[in-house]
Amino acid sequence: MKAIAAIDTKLNSVVEYYADRAVTDNTLSARSQPYEGVPMLLKDLGAYEANKNAEMGSRLACGVKFDHDTELVARYKKAGLNILGRTTTPEFGGSTVTESLACGITRNPWNLDLSPGGSSGGSAAAVAAGIVPIAHATDLAGSIRIPSGFSGLVGLKPSRNLNPVGPGAGQFFLGLATEHVLTRTVRDSAAVLDATAGPAPGEFYHTPKGKASYRSAMLAKPAMLKIALNLQPWISANVDAEVLEATLQAAHLCQSLGHHVDSDRFTLDEQRLLSCMETIWACYTAYGINNLAALTGREISASTLEKSSLSGFYDGMAYSSQHLITAVDYSNTVSRTVGAFFENYDVMITPTNAIQAPLAEKKNSHSQDVTWHNWVKEACEVAPFGQVFNISGAPAMTLPLGWTRSGMPIGITFSTKIGNEATLFTLAAQLELAQPWKNRRPDNHVYNLSQAIA
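Keep in mind it's a predicted model, so treat the numbers as computed, not measured.

**Some points on the overall build of the chain**
Check the secondary structure of the chain and you find 14 helices and 13 strands. With the C-alpha coordinates aligned to their principal axes, the bounding extent of the chain is approximately 60 × 60 × 45 Å. Per-residue burial over the chain gives 58% buried out of 454 residues. If you take every contact in the chain between residues at least 6 apart in sequence, the share linking residues at least 24 apart comes to 79%. Looking at the chain, you have 36 positive and 40 negative side-chain charges, and the mean spots of the two groups are 5 Å apart.

Next up, the structure:
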């Protein structure tokens, strides 16, 4: 715990530790649960525990508590995972860096001048630094995959509603948002999904869980896969040369393992894609802010909200039902397009992010010239390959297969048809064995500090 406390003064990855849950001995002998005592952290957004703060990176939500665990949290506990606290998030998860007026700036353990990304940056920094092996994360427009890519982690965005979302909702952001975890290894991601996937009673809709376990998929003999390599994003953005190089190297690695790789992609209307994201995101932002204001009795103003959130709130309140249904209608077009593409390919490879890890303290969500349209567009430009998999509901997994010349991680994303996580785990395990990353560790890591303390 001394090492954890020491390193998080550098990172600012954790909002709150539950000191009473720290394991102070090693007597977990009679384990009645599969992951009894394994420590994890919850992102302070989406999942929450009964009677614990759920503040969402916002001053508006300061001190908010609920009287029940979310279903996902209940399943973490049933599996024996020990939730040690909450990790930082930008306000309502609305940024590709993890910085907020409520919680401050979270930094990347690979380079403290840089951001771990967002919006699950607190979870990413904590796992990358060895504070915990597993941390919860959410993903509306890349928030699992973006920080995985910048922080050297495994990050799976599961299929739409493969993990339960209740009991307080039937879907997040009209099905665009999902929850899972960030981990150092493929095995840990698969093991947690085995413990959490599947519908709760009364689920609004869900993606069926595979018949076999996801951990068993890791052990399966890999068949030859037909893989599409795509280096052209659906949202216009300049893709960094080292990112492109790392993605090509990942494709060559797949070829060397016996898979067939072709350059191919599906096409979408960029402006309609952006409008779809912008509209659904704004409408849910307005809905959520109104609910929080009613719950807390606080005013909706610059004293409780950052300018980016306020901008999204006002745009969301201004949209008509016609705007929202038009966005939902285009999400169907995206889903059908992605589904049809994966009838011909098993997997697609893309960069996770278009850029290398950005500087911390660079984005200003409270700038007076922030507009919702530009805020969403800039967020999408950071990870311009990712939003289509939120809209379509298809799973996408980031793996730390690339590294910049300065030693920073570069994530590569592997996507597939909805409900086909098993194929991703089989391929990911093969890639992890062929090009392991477990021995790479940032200087700002608990192990290094614990050695110094010892």
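**Points about the packing of aromatic side chains**
Taken as a whole and assessed by the stated rule, the structure comprises 14 aromatic pairs. Within the aromatic cluster, the residues linked to one another by ring pairs are W234, F266, F341, F342, Y345, F385 and F389. We note K52 situated over the ring of Y18; from NZ or CZ to the ring centre the distance is 4.1 Å. A cation over an aromatic ring shows up here: R440 above the ring of W403, its NZ or CZ 4.2 Å from the ring centre.

**Thoughts on helix α2 (residues 71-78)**
Of all the residues in α2, the buried ones are L72, V73, R75 and Y76. Viewed along the axis of α2, the buried residues span an arc of 160°, placing them on a single side of the element. On its buried side, α2 packs onto β2 (39-43), β3 (82-87), β6 (134-139), β8 (178-183) and α5 (186-196). Just beyond α2, the residue with positive phi is G80, at close to 100°.

**Focus: the side chain of N53**
Within the secondary structure layout, N53 lies in the loop between β2 and α2. At a separation of 2.9 Å, a polar atom in the side chain of N53 contacts the side chain of K65.

**Quick word on the pattern of salt bridges**
Applying the stated criterion across every chain, the model contains 13 salt bridges. A salt bridge links D44 to R86, with the nearest nitrogen and oxygen atoms 2.7 Å apart. One end of the pair, D44, is in the loop between β2 and α2; the other, R86, is in strand β3, and 42 residues separate them in sequence. Of the two residues, D44 and R86, both sit in the buried class. Where salt bridges share partners, they join E16, D44, E55 and R86 into one cluster.

**Here we look at unusual backbone geometry**
Residue G118 is joined to S119 through a cis peptide bond whose omega torsion reads 5°. Inspection of the secondary structure assignment puts S119 in the loop between β5 (104-105) and α3 (121-128). Cis geometry marks the peptide bond from G166 to P167; its omega dihedral reads 5°. Structurally, P167 is set in the loop between β7 (154-157) and β8. Of note in the backbone geometry, N51 takes a positive phi value of approximately 60° without being a glycine. With respect to the helices and strands, the residue N51 is situated in the loop between β2 and α2. Positive phi is not limited to glycine here, since N161 has a value of about 55°. By the secondary structure assignment, N161 is in the loop between β7 and β8.

**Here's the deal with the sheet that holds β2**
Taken in spatial order, the 11 strands line up as β1-β3-β2-β6-β8-β7-β12-β13-β11-β9-β10 in an open sheet, and their pairing is mixed. Single-partner strands in this sheet number two, and they are β1 (14-17) and β10 (260-263). Strand-to-strand, the axes of this sheet are offset by a mean angle of 30°, without reference to chain direction. Relative to β6, β2 runs parallel, the two being bridged by two bridges. Within β6, the residue paired with M40 across the bridge is I134.

**Some words on the pairing of β3**
When you tally the buried positions in β3, you get six out of six residues, the bulk of the element. The pairing of β1 with β3 spans three bridges and is classified as antiparallel. What sits directly across from E16, in β3, is R86. Here β2 pairs with β3 via four bridges, running parallel. When the sheet's bridge partners are listed, K43 is paired in β3 with T87. On the question of chirality, the crossover connecting β2 to the parallel β3 by way of α2 is right-handed.

**Notes on the nonpolar core**
W234, L273, L399, F414 and F425 are the most contacted members of the largest nonpolar core, which totals 75 residues. The element that contributes the greatest number of residues to this core is helix α8 (residues 270-296), accounting for seven residues. Those residues within four positions of L399 in sequence are excluded, and the remaining contacts are L153, V154, V186, I410, G411, I412, F414, A428, L431 and W437. Residues L11, L84, A124 and V132 belong to the second largest nonpolar core, which totals 27 residues.

**Side note on the packing of α2 against α5**
Helix-helix packing is described using two parameters, namely the angle between the two axes and the distance between the axes. It is the contact of α2 with α5, at a shortest axis distance of 9 Å, that shows an interaxial angle of 110°. Relative to α5, the element α2 lies roughly perpendicular. In the crossing of α2 with α5, the sense of the turn from one axis to the other is right-handed. Between α2, through L72, R75 and Y76, and α5, the contact on the second element is made entirely by V192, A195 and T196.

**Description of α5**
The buried count for α5 comes to nine of 11 residues, which makes it a mostly enclosed element. Regarding α5, the residues found buried are V186, D188, S189, A190, A191, V192, L193, D194 and T196. The positive-phi residue at the C-terminal boundary of α5 is G198, with phi of around 115°.

Parameters at a glance
- In this numbering scheme, every chain counts its residues from 1 along its sequence in written order.
- Per-residue local features of the predicted model are confined to residues with pLDDT of at least 70, and side-chain atom pairs are confined, for both listing and counting, to 80 or more; whole-chain, interface and lining totals are unaffected and use all residues.
- Remark: hydrogens and water are excluded; side-chain values derive from all non-hydrogen atoms of the structure.
- Each helix is a run of DSSP H or I of at least 4 residues and each strand a run of E of at least 2, with the numbering of both proceeding from the N terminus.
- Three exposure classes are used, based on accessible area relative to the maximum for each residue type with a 1.4 Å probe and protein chains only: buried under 20%, partly exposed in between, and exposed over 50%.
- Any two residues having at least one pair of non-hydrogen atoms within 4.5 Å are treated as being in contact.
- Charge counting treats Lys and Arg as positive and Asp and Glu as negative, with His and both chain ends excluded.
- Taken as the charge location is NZ of Lys, CZ of Arg, CG of Asp or CD of Glu.
- Any Phe, Tyr or Trp ring, taking Trp's six-membered ring, that has another such ring centre within 6.5 Å forms a pair; planes under 30 degrees apart are called stacked, those over 60 apart edge-to-face, and the others tilted.
- In this analysis the charged atom, NZ for Lys or CZ for Arg, is taken to sit over a ring once it is within 6 Å of the ring centre and within 35 degrees of the ring normal.
- This arc is built from the directions going out from the helix axis to the C-beta atoms.
- The definition of a polar contact used here is a pair of N or O atoms within 3.5 Å, where within protein one atom must be able to donate a hydrogen and the other to accept one, and adjacent residues in sequence count solely through side-chain atom pairs.
- Salt bridges are defined by distance alone: a side-chain nitrogen of Lys or Arg within 4 Å of a carboxyl oxygen of Asp or Glu.
- Strand pairing is assigned whenever DSSP identifies at least 2 bridges connecting the two strands.
- Axis definition: a line fitted to C-alpha atoms, over the contacting stretch in the case of helices. Angles run 0 to 180 degrees between N-to-C directions.
- Think of it like this: strands point away, you trace from the first strand over the helix to the second, and a clockwise trace means the crossover is right-handed.
- By convention a nonpolar core is built from buried Ala, Val, Leu, Ile, Met, Phe, Trp, Tyr and Cys residues, the set being connected through side-chain atoms within 4.5 Å.
- Just so you know how the angles are binned, under 35 degrees is roughly parallel, over 145 roughly antiparallel, 65 to 115 roughly perpendicular, and the rest oblique.
- Put simply, a crossing is left-handed when the front helix is turned counterclockwise from the back one by less than a right angle, and right-handed when it is turned clockwise.

Function cannot be read off these values alone, since they describe shape.
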